[in-house]
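# Coordinates in review
The primary structure of each chain is shown beneath.
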Amino acid sequence: RMSRGLGDVYKRQMEDTLEIINATLGGMVKGNELTVEQSAAVLTVAMKAYEVGKKALDFLIANSGSRRNLEVDFFGGEPLMNWEVVKQLVAYGRSLEEEHHKKFRFTITTNGVLLNDEILEFVNKEMGNMVLSIDGRKEVHDRMRPHRGGQGSYDEIVPKFKKAAESRGQMN
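The following refers to the structure shown.

Thresholds, definitions, all that
- Along each chain, the written sequence defines residue order, and numbers are assigned to residues from 1.
- Local features in this predicted model are restricted to residues whose pLDDT is 70 or higher, and side-chain atom pairs enter the listing and the counts only when it is 80 or higher, whereas totals over whole chains, interfaces and linings include all residues.
- Only heavy atoms go into the side-chain values, all of them from the structure, while hydrogens and water stay out.
- Classification of ring pairs uses Phe, Tyr and Trp, with its six-membered ring standing for Trp, and accepts pairs whose centres are within 6.5 Å; under 30 degrees between planes counts as stacked, over 60 as edge-to-face, and the remaining range as tilted.
- Labels follow the DSSP assignment, with helices taken as runs of H or I lasting at least four residues and strands as runs of E lasting at least two, numbered in each case from the N terminus.
- Residue burial is assigned from relative accessible area. The probe radius is 1.4 Å, only protein chains are included, and a residue is buried under 20% of its type maximum, exposed over 50%, and partly exposed in between.
- Cation placement over rings: the criterion is NZ of Lys or CZ of Arg within 6 Å of the ring centroid and within 35° of the ring normal.
- A carboxyl oxygen of Asp or Glu within 4 Å of a side-chain nitrogen of Lys or Arg is what we treat as a salt bridge.
- The pairing criterion for strands is at least two bridges between them, as found by DSSP.
- Orienting the strands away from the viewer, one traces the path from the first strand over the helix to the second; a clockwise path indicates a right-handed crossover.
- An axis is simply a line fitted to the C-alpha atoms; with a helix, the fit covers only the stretch in contact. Between two such axes, the angle follows the N-to-C directions and lies from 0 to 180 degrees.
- Crossing handedness is read from the near helix: turned anticlockwise from the far helix by less than a right angle, it gives a left-handed crossing, and turned clockwise, a right-handed one.
- We call two residues in contact whenever any of their non-hydrogen atoms come within 4.5 Å of each other.
- The residue classification treats Ala, Val, Leu, Ile, Met, Phe, Trp, Tyr, Cys and Pro as nonpolar and Asp, Glu, Lys and Arg as charged. All others, Gly included, are polar.

## Structural notes on the packing of aromatic side chains
- Counting across every chain of the model gives 3 aromatic pairs.
- Centre to centre, the rings of phenylalanine 74 and phenylalanine 106 are 5.9 Å apart; their planes meet at 20 degrees, and the pair counts as stacked. One end of the pair, phenylalanine 74, is in strand E1 (residues 69-74); the other, phenylalanine 106, is in strand E2 (residues 103-110), with 32 residues separating them in the sequence. When sorted by exposure, phenylalanine 74 lands in the same class as phenylalanine 106, which is buried.
- Centroid distance phenylalanine 104 to phenylalanine 106: 5.4 Å. Interplanar angle 20 degrees. Geometry classified as stacked. Of the two residues, phenylalanine 104 and phenylalanine 106, both sit in the buried class.
- Aromatic rings pair up to connect Phe74, Phe104 and Phe106 into one cluster.
- The lysine or arginine in question, lysine 54, covers the ring of tyrosine 92, its NZ or CZ lying 5.2 Å from the ring centre.

Okay, structure coming up:
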C-alpha cells in the first residue's frame, strides 16, 4: 500500500495531468477540431486510463509471485496521445519496485508522429525498449498512414526515428 504522502503526490500529479489534457482539449474545441461532447469523452478516457493502468500494475505485482523482473508494454492506438498518463504510470510503477522487490521494464510502441525531444529523453531514461512502427517504403507508408488531411507521415517520422536510434546507440 502507498503511504498517505505518496498517495497525495499521485493525486496531485493526476490533477496536473488532467489540467493539461483539459487545456489541450479546450483549445481543440475553440479551434472546432472537437465538440464539447467529444472533449468530455476524451477527458473521461484519460482519467479511466490512469486508474485502469494503476490497477494493471497492482495486479501484475500481486500475481507475479517470485518473479523479480516485470515487463510492461505501452502500445495500441498511440500511447503518445496519452503521454501524461504513460509518464504517471511509469512513475507509479517505479514507486512500487523497492517495496515489492520488483523491477519494471517498460516498452513503448509508437508511430513517431508525436515523438519529440522531451519524450525521447524520458523514454531513454525510463524504458528498456522503444518500438518504432513504420509500414515500409515511403509510398506504402504514406498510403497506409496519412494525416487527417491526406498528406503522408513518412517524411515527418523518419528523421525522428533516426534521432531515436542514434540516441540509443542503435545506428547501423
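## Observations regarding the environment of valine 158
- Within the secondary structure, valine 158 is located in helix H6 (residues 154-167).
- Accessibility expressed as a relative area gives 19% for valine 158, which makes it buried.
- Between the C-alpha atoms of valine 158 and valine 113, which are 45 residues apart in sequence, the distance is 9.6 Å.

## Describing the pattern of salt bridges
- As enumerated under the stated definition, the model contains 12 salt bridges in all.
- For the salt bridge of aspartate 117 with lysine 163, the shortest nitrogen-to-oxygen distance reads 2.4 Å. Linking aspartate 117 in helix H4 (residues 117-126) with lysine 163 in helix H6, this pair joins segments that are 46 residues apart in sequence.
- Owing to a relative accessible area of 40%, lysine 163 belongs among the partly exposed residues under this scheme.
- Among the charged side chains, a network of salt bridges with common partners joins Arg94, Glu97, Lys103, Lys125 and Glu126.

## Remarks on the pairing of E2
- Relative to E2, E1 is paired through 6 bridges, and the arrangement is parallel. The residue bridging valine 72 from the neighbouring strand is phenylalanine 106, located in E2.
- Once you follow E1 into helix H3 (residues 83-100) and on to E2, the crossover reads as right-handed.
- With 5 bridges joining them, E2 and strand E3 (residues 127-132) adopt parallel strand pairing. If you follow threonine 109 over to E3, its bridge partner there is valine 131.

## Let's talk about the packing of H4 against H6
- Two elements in contact, H4 and H6, have axes separated by 11 Å at closest approach and are oriented at 35 degrees. Of the two possible hands of crossing, H4 and H6 adopt the one that is right-handed. On the side of H4, the interface is formed by Asp117, Leu120 and Asn124, while H6 contributes Lys163, Ala164 and Ser167.
- Residue composition of the contact of H4 with H6, grouped by class: 2 nonpolar, 2 polar and 2 charged.

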